Every structure is written in structure tokens, then in C-alpha cells.
Amino acid sequence: QVQLVESGGGLVQAGGSLRLSCAASGRTFSNYAVGWFRQAPGKEREFVAAINWSGANVYYADSVKGRFTISRDNAKNTVYLQMNTLKPEDTAVYYCTVDIDHRTIVAGASRVWGQGTLVTVSS
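Conventions used here
- Residues numbered from 1 in each chain as written.
- Predicted model: local features only at pLDDT ≥ 70, side-chain atom pairs only at ≥ 80, totals over all residues.
- Heavy atoms only, no water.
- Pairing = 2+ DSSP bridges.
- Helix = DSSP H or I, 4+ residues; strand = E, 2+ residues; numbered from the N terminus.
- Axes fitted to C-alpha atoms, helices over the stretch in contact; angles between N-to-C directions.
- Disulfide = S-S within 2.5 Å.

Caption draft 1: Molecular detail of the sheet that holds strand 3 (residues 18–24). Pairing within the open sheet is antiparallel, and its four strands lie in the order 1-3-8-7. Of all the strands in the sheet, just strand 1 (4–7) and strand 7 (68–73) have a single pairing partner and so form its edges. Strand-to-strand twist across the sheet, computed as the mean angle between neighbouring axes with direction ignored, equals 15 degrees. Taken together, the six bridges between strand 7 and strand 8 (residues 78–83) define a ladder with antiparallel strand orientation. Bridging across to strand 8, Thr-69 finds its partner in Gln-82.

Here it is, written out as C-alpha cells:
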């Protein structure tokens, strides 16, 4: 099973930016679609963004379109989530996930997850 480690979370003021990273082990990472989800306190996990194996196709939740950008560097086994114009409602633990099929990720059915990184956006 591939191992995932998220990083880059922290405390930021509203309107600011953060870049999250999802680093994966294993030579097969480049063959996987990757997604980001988030979970705020007391709420269920929410889809944020996904990217297919090549990076040619990306998918975003309506709540983050125009503000967040997902990208990947397969040579570094890393996927990024650039978050701009952050809002307090973006506060959550952000998790990355992988699957061989991006449709599985978008559907919320992927099974491999990292430990999460906390993003806190203050007013």
C-alpha cells in the first residue's frame, strides 16, 4: 500500500495563501490519480480537488473553484494544492488520497489516505 504524507498546513489570515503538499512513497505513484479532501470539526469529509495520473485533467469542488489549484510533479512523487484567497470556512484538516481511477476519488470511494494537515484561517 502506498504511504501518503501531507504537509504545509498552518495558521493564515483570511485572504492569504498556503500550499499543501502530498508526498507519496513507491514507484507507482505516477500511475495514480490523486485527490484532496477536507474535514472541518463536526462535519463530514468533503471533496476538494482531484487530478488524474498525467495531470492533464483536474476537478474541483464548486466552493474552491477559482481559488485553489491542484498540480503534480510525478518526478518528485508529490501533489500540491495551492490555496489562495483563503476564507475562514476553509478551516479544516486536509487529507490526500490516491486511487487508480480518478472517478473513484471524485465519488468519495477511495481507501488510501494520509494523516492530514491542519489549515486554520483566521478572520
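Caption draft 2: Representation of the state of the cysteines. Tallying each qualifying case throughout the model produces one disulfide. The disulfide partner of Cys-22 is Cys-96, and the S-S distance across this bridge is 2.0 Å. The sign of the S-S torsion, about 65 degrees, decides the handedness of the disulfide formed by Cys-22 and Cys-96: right-handed. Here Cys-22, found in strand 3, pairs with Cys-96, found in strand 9 (residues 92–99); they are 74 residues apart in sequence, far enough to count as distant.

Caption draft 3: Representation of unusual backbone geometry. Positioned with a positive phi, Asn-77 is a non-glycine residue whose angle comes to about 55 degrees. By the element assignment, Asn-77 lies in the loop between strand 7 and strand 8.

Note that every value here comes from positions in space, so none of it alone points to a role or purpose.
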